[in-house]
Amino acid sequence: MDRDEFAGRFARSAAAARELARPVVIERLPERLVFRLRIDAPWDEPGGRAVTLHRCDAQTAVGELWRGGRVPHVVGVGVVGETGDATVVEVTGTGRFTDDEDLFLRDAGREPPFTVHAPPRPFGTDSTPFSIHTISECWDRADVRRLAVVGGAVRALRVMTGDGETPDLPDLPNLEILEHHAGGGVPAALRRFPRLRVLHVAAPDGFRVDGGPLEALRELTLTNLPPRPWGQRELAAAAPDVSTMDLRAEGPLWLDGPFAPPVRALSLTAATVAGRAPLEARPERLGLHLAGGTDRDVERLLESMTGLMRLSLRGTPVTDAIIPVLERLDLVVVDLVGTAVTPPALTRFSARHLAVGVLPRPGSGAGLPRTPAS
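Residues numbered from 1 in each chain as written. Predicted model: local features only at pLDDT ≥ 70, side-chain atom pairs only at ≥ 80, totals over all residues. Heavy atoms only, no water.

*Asks:* For the overall build of the protein, give the residues involved together with the corresponding values.
*Replies:* The helix and strand inventory of the protein stands at 7 helices and 18 strands. Among the 374 residues that make up the protein, the fraction classed as buried is 47%. If you take every contact in the protein between residues at least 6 apart in sequence, the share linking residues at least 24 apart comes to 42%. As displayed, the protein has an accessible area near 17,000 Å², and 53% of this comes from carbon and sulfur atoms. (Helix = DSSP H or I, 4+ residues; strand = E, 2+ residues; numbered from the N terminus. Buried < 20%, exposed > 50% of the residue type's maximum accessible area, 1.4 Å probe, protein only. Contact = heavy atoms within 4.5 Å. Areas by Shrake-Rupley, 256 points an atom, 1.4 Å probe, with all protein chains shown as cover.)

Here's what the structure looks like:
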C-alpha cells in the first residue's frame with residue numbers, strides 16, 4: 001500500500017470514529033482532529049521502537065504508522081477526548097509491521113488495517129450519553145487547564161505529565177480513580193478529591209507519605225518505593241480504610257511498621273524486604289514476590305501472620321525448606337509457581353493437605369523452573 005492510499009484510509013477512519021462517538025457522548029465534538037498515538041514496538045523486528053505522542057496532527061501520525069510501505073497489521077482508532085476546539089482521537093498500532101495486506105485485520109465495513117471503535121462506556125452507566133471526560137488523561141499543562149473546565153465530569157484520571165503535577169490539579173469532586181505516573185507522591189492536595197477510592201502512584205525521588213486522611217480510599221498501589229523509610233507508619237493515618245494494598249520497589253522494600261487492620265489483600269514486590277520484621281498484618285490474601293528472598297526471609301515475614309487464607313510466593317526463590325512454614329498456616333490456596341520448591345515436595349505437601357489448592361498442580365510439570373513474578 002502506498003502512503004497516499006494509507007493516509008486516505010487513516011483520514012476516513014478518523015472521521016468515522018468521530019461520527020461513531022457523537023451520539024454516545026454529551027459533549028460537542030469539533031470537526032478539527034488531533035491524535036494521541038500509541039504504537040507498540042514491533043515484536044518481530046530487531047530494534048523496533050515504541051512510540052507515544054499525546055498530541056499530534058494527521059501527517060505526523062501517518063508518518064509514524066507508515067514506514068516505507070510497512071504498517072501495523074491492525075490499527076485501532078477511537079475518540080477519547082475533546083479540547084474545546086478539537087476532538088482527540090486515540091490511534092493504537094499493535095503487532096508486527098507488514099506490507100502484506102492479506103495479513104491485515106479486517107473489520108467488516110471499515111478499511112483495513114484500521115478498526116474503528118466507540119469511546120469506552122464507563123462502568124456502571126446505562127445506554128444514555130455520557131461525558132467523554134469521565135475517563136481522562138493528563139499529559140501537559142494544557143490538559144491540566146482543561147480539567148479545570150470539565151473537572152466535575154472526571155471520574156477516572158491518568159496523570160502522565162512527568163513533572164509532579166498533582167498539587168496543581170483542580171478540584172475534581174467526583175474523581176474516584178487516580179493513576180499517577182508522574183511521581184506525585186501522596187500529597188495533602190489529594191484531600192480535595194473526596195470520592196477518591198483507588199490510587200496508583202509512582203513514587204518520585206524523596207518520596208514520603210505526608211498527606212491525608214483519604215477517608216474514601218480503599219485500594220492503594222505504590223511503585224518505585226525507595227530503600228529507606230518512606231512513611232509506612234504514617235500510611236495508616238493517611239489512608240485509614242484501605243483494604244487492598246500493593247507495594248513495589250526495584251531494590252529492597254523498606255517496611256518499618258504495622259499495617260492497619262482493614263488491609264485484607266496485601267502484595268509486596270521487591271528484591272528483598274528491609275526494615276522491620278515480622279510482618280505485622282492480618283490480611284486474608286498475601287503476595288510475597290521477592291526476587292532475592294530466602295526461606296528465612298519469608299519465615300520471618302510470616303511469623304506474626306494470622307487469618308491468612310491465600311498466599312502467593314510466585315517468583316520468590318524459596319526451597320523445600322519453606323514447606324514446614326506453610327504447614328503451620330491455615331491456607332486455602334498457596335501459589336508456588338516460579339519458586340525452587342521441588343515437585344516431590346509439592347506432591348507430599350498436597351497429599352497431606354487435600355483441602356488446600358496448590359499451584360502448580362502436583363504432577364503437572366507447570367511452573368518449574370523459576371519464572372519471574374507476575
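*Asks:* Hey, could you go over the pattern of salt bridges for me, with residue numbers and the actual values?
*Replies:* Applying the stated criterion across every chain yields a total of 28 salt bridges. A salt bridge links R192 to D171; the shortest N-O distance between them is 2.8 Å. Here the residue R192 occupies a position in the loop between β8 (177-180) and β9 (198-202), and D171 occupies one in the loop between β7 (156-159) and β8, the gap between them amounting to 21 residues. D335 is paired through a salt bridge with R314; the nearest N and O atoms lie 2.9 Å apart. Taken together, the positions of D335 in strand β17 (residues 333-335) and R314 in the loop between β16 (310-312) and α6 (323-327) put the pair 21 residues apart, joining distant regions of the chain. (Salt bridge = Lys/Arg side-chain N within 4 Å of Asp/Glu carboxyl O.)

*Asks:* Tell me what's going on with the sheet that holds strand β6 (residues 135-138), and back it up with residues and numbers.
*Replies:* Strand order in this open sheet of 11 strands is β6-β7-β8-β9-β10-β11-β13-β15-β16-β17-β18, and the pairing throughout is parallel. The open sheet has two edge strands with one neighbour each: β6 and β18 (357-359). Recorded for the sheet is a direction-independent mean angle of 5° between the axes of neighbouring strands. Of the strands in this sheet, β15 (285-290) and β16 touch helix α5 (residues 295-302), which is tilted by about 150° from β15. (Pairing = 2+ DSSP bridges. Axes fitted to C-alpha atoms, helices over the stretch in contact; angles between N-to-C directions.)

*Asks:* Outline the packing of aromatic side chains, listing residues and values.
*Replies:* Tallying each qualifying case throughout the model produces 3 aromatic pairs. Between F6 and F114, the aromatic rings sit 5.1 Å apart at their centres with planes inclined by 35°, giving tilted as the arrangement. Here the residue F6 occupies a position in helix α1 (residues 3-21), and F114 occupies one in strand β5 (residues 114-116), the gap between them amounting to 108 residues. For F114, a relative accessible area of 0% puts it in the buried group. With a centroid separation of 5.0 Å and 45° between ring planes, the pair formed by F10 and F35 is classed as tilted. Taken together, the positions of F10 in helix α1 and F35 in strand β1 (residues 33-39) put the pair 25 residues apart, joining distant regions of the chain. For the residue pair F10 and F35, the accessibility class agrees, reading buried in each case. (Phe/Tyr/Trp six-rings, centres within 6.5 Å; stacked < 30°, edge-to-face > 60°.)

*Asks:* Give me the layout of surface pockets: which residues, what numbers.
*Replies:* A volume near 390 Å³ is recorded for the largest pocket. Mapped onto the lining of the largest pocket, the elements with two or more residues apiece are β1, β2 (51-56), β3 (71-82), β4 (87-98), β6 and α3 (141-150). Of the residues belonging to the lining of the largest pocket, the class tally is 10 nonpolar, 8 polar and 8 charged. Approximately 190 Å³ is the volume found for the second largest pocket. Every residue lining the second largest pocket is listed: P122, F123, T134, I135, R155, A156, E176, I177 and R197. Class assignment for the residues of the lining of the second largest pocket results in 5 nonpolar, 1 polar and 3 charged. (1 Å grid on protein atoms, 1.4 Å probe; cavity = no way out; pocket = protein on both sides within 12 Å on 5 of 7 lines; lining within 4 Å. Points joined across faces, edges and corners; volume = space filled by probe spheres on them. Nonpolar A, V, L, I, M, F, W, Y, C, P; charged D, E, K, R; others polar.)

*Asks:* Any chance you could break down helix α7 (residues 343-352) for me, citing the residues and the numbers?
*Replies:* Taken together, the buried positions of α7 are A345, L346, F349 and S350. Viewed end-on, α7 has its buried residues packed into an arc of 130°, placing them on one side of the element. Looking at the buried residues of α7, the elements they touch are α6, β17 and β18. (Arc of directions from axis to C-beta.)

These figures come from the coordinates and say nothing about function on their own.
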